[in-house]
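# Per-entry structural report
Below, each chain spelled out in residue letters.
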Amino acid sequence: MTPLPRLIIFSGAGLSAESGLRTFRGENGLWEGIPIRTVCHIETWEDNFETVHDFYDARRVACAQAEPNQAHRTIAAWQQAWPDRTILLTQNIDRLLERAGCTDVVHLHGDARLLQCVACGHEWEIGKAAYDRQGCPACRRMDSVKPGVVFFGENAPRYHDLYEIASDLRAQDTAVVIGTSGVVLPADRLFTRAAYSILVNLEPGTDMNERAFTERRYGPATQQLPGLGETLRKRMEPQ
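Described in the following lines is the structure provided in the data block. (Residues numbered from 1 in each chain as written. Predicted model: local features only at pLDDT ≥ 70, side-chain atom pairs only at ≥ 80, totals over all residues. Heavy atoms only, no water.)

## Focus: the packing of aromatic side chains
- Within the structure shown, the criterion is met by six aromatic pairs.
- Ring plane angle 65° and centroid distance 6.4 Å describe the contact between Trp-45 and Phe-151, whose orientation is recorded as edge-to-face. Of the two residues, Trp-45 sits in the loop between helix H2 (36-39) and helix H3 (49-65) while Phe-151 sits in the loop between strand S6 (145-149) and helix H6 (159-167), which places them 106 residues apart along the sequence.
- According to the relative accessible area criterion, Trp-45 is buried, its value standing at 2%.
- Every member of this aromatic cluster is reached through a ring pair, and the members are Trp-45, Phe-49, Phe-55, Tyr-56 and Phe-151.
- Cation over ring: Arg-59 sits above Phe-55, and NZ or CZ is 4.5 Å from the ring centre.
- We note Lys-146 situated over the ring of Phe-151; from NZ or CZ to the ring centre the distance is 4.2 Å. (Phe/Tyr/Trp six-rings, centres within 6.5 Å; stacked < 30°, edge-to-face > 60°. Helix = DSSP H or I, 4+ residues; strand = E, 2+ residues; numbered from the N terminus. Buried < 20%, exposed > 50% of the residue type's maximum accessible area, 1.4 Å probe, protein only. Lys NZ or Arg CZ within 6 Å of the ring centre and 35° of its normal.)

Written out as structure tokens, the structure is:
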């Protein structure tokens, strides 16, 4: 018996840009004005402890103030239509997908609302608040509290899930890649070899081989994603 088709959604910062959250790369991206090694590198974050926490305090506030946009809500509707066959993978550290109604989202690069202690391994939810600099609630260390996001040069535990899913793609599956430059994770190589693949980006011109995708759609995600509904229905509900 042929396995039922699955829908894999892989999203980057472009998905949340229309909610008012700045992307990290590109014109006016966060990395244009802030050195990565100052606020987002595992080798240097302890030397820049206050700057790092100030930076992620600001990200946490921005994420809390943002609202899910139509693209988030469209993805939630897809998951509700095919709940057992939809896999959501995101590079975003916000929770806008969850706030739109999505569940079981794999956060490949962590979560802005979490803190972790690199000394004892304790992880806890901080919510919308700024970090009060009171140290780890488990071991009381003051200098070992790190934002719960994956820094450059750091192991990303959920990459194992990503690579396993990508290696298991089948011809009947559909992968929709949304709002990513492909600099950190090569979505073109991960999702175009087996599945029917659709790229949705604001405009062409990324580090990816965009022609490798079965379909390419350019424009705001809030406008492009709703238009994929009929294509996905035909692929997810073959006659």
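The rest of the description comes next.
## Some details on the nonpolar core
- Core analysis: the biggest nonpolar cluster contains 23 residues, and Ile-8, Phe-10, Leu-89, Leu-108, Leu-162, Val-177 and Phe-191 have the highest contact counts within it.
- For this core, the secondary structure elements donating two or more residues are strand S1 (7-11), strand S2 (86-90), H6, strand S7 (174-178) and helix H7 (187-191).
- No other element matches the four residues that H6 contributes to this core.
- Ile-75, Cys-102, Val-176 and Met-236 belong to the second-largest nonpolar core, a separate cluster that totals 22 residues. (Core = buried A, V, L, I, M, F, W, Y, C linked by side-chain atoms within 4.5 Å.)

## Re the pairing of S6
- Within S6, five of the five residues are buried, which leaves the element mostly enclosed by the surrounding structure.
- Judged from the four bridges that link them, strand S4 (residues 110-117) and S6 form a sheet pairing that is antiparallel. Looking at the pairing, Gly-110 lines up with Val-149 of S6. (Pairing = 2+ DSSP bridges.)

## A closer look at the pattern of salt bridges
- Tallied over the full model, the rule gives 16 salt bridges.
- In this structure, the salt-bridge partner of Asp-54 is Arg-133, at a minimum N-O distance of 2.8 Å. Taken together, the residues span a long stretch of sequence, with Asp-54 in helix H3 and Arg-133 in the loop between strand S5 (123-125) and S6 at a distance of 79 residues.
- You can call Asp-54 partly exposed: its relative accessible area is 46%.
- Among the salt bridges present, the one from Glu-67 reaches Arg-99, with a minimum N-O distance of 3.4 Å. On the criterion of sequence distance, the pair formed by Glu-67 in the loop between H3 and helix H4 (70-81) and Arg-99 in helix H5 (residues 96-99) is long-range, its members being 32 residues apart.
- According to the relative accessible area criterion, Arg-99 is partly exposed, its value standing at 35%.
- One network of salt bridges, in which partners are shared, links Glu-50, Asp-54, Asp-57, Arg-60 and Arg-133. (Salt bridge = Lys/Arg side-chain N within 4 Å of Asp/Glu carboxyl O.)

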